[in-house]
Amino acid sequence: MVVMGIRAFRWLPYRGQRHAIPDSMAANDVGNTLCGVDVTVPHDPPPRSPDGCWPTCWSCDAAWREFEGIPAFPRPRQAGDAPRTTVGGRS
Ligand SMILES: [Zn+2]
């Protein structure tokens, strides 16, 4: 059972990569990314990468997938799949 629209984590550009942090973390909170990097949540949105999208931290990606039970990329498309919505991404 997958509830769409509810995410335990969110992406945070940090130190040149897009890491995942618990969605419960608010601005100025100190915690860890899913890959274990110490992070302080910035109060302002981080600057955009010159390329338009920070490279994904695959350690965070893997930890996130494991938490949600999402098979590792790539996965076969399934009927009813929602279009991928990647912020700042290109297809
Ligand atoms: Zn990470």
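In what follows, the structure referred to is the one given above.
Parameters at a glance
- Going along each chain's sequence as written, the residues are numbered from 1 onward.
- With pLDDT at 70 or above as the cut-off, local features in this predicted model cover only qualifying residues; side-chain atom pairs require 80 or more to be listed or tallied, and sums for whole chains, interfaces and linings still use all residues.
- Numbering goes from the N terminus for both helices and strands, where a helix is a DSSP run of H or I of at least four residues and a strand is a run of E of at least two.
- Each residue is classified by how many other C-beta atoms fall within 10 Å of its C-beta atom, where C-beta atoms are placed from the backbone; a count of 20 or more means buried, 12 or fewer means exposed, and values in between mean partly exposed.

Draft legend 1. Representation of unusual backbone geometry within the structure. Backbone geometry at arginine 15 places phi at a positive 50°, although glycine is not the residue there. With respect to the helices and strands, the residue arginine 15 is situated in the loop between β1 (9-14) and β2 (17-22). Judged by local crowding, arginine 15 falls into the exposed class, with 11 C-beta atoms found within 10 Å. Non-glycine residue asparagine 28 carries a positive phi angle of around 75°. With respect to the helices, strands and loops of the structure, asparagine 28 is situated in the loop between β2 and β3 (30-32).

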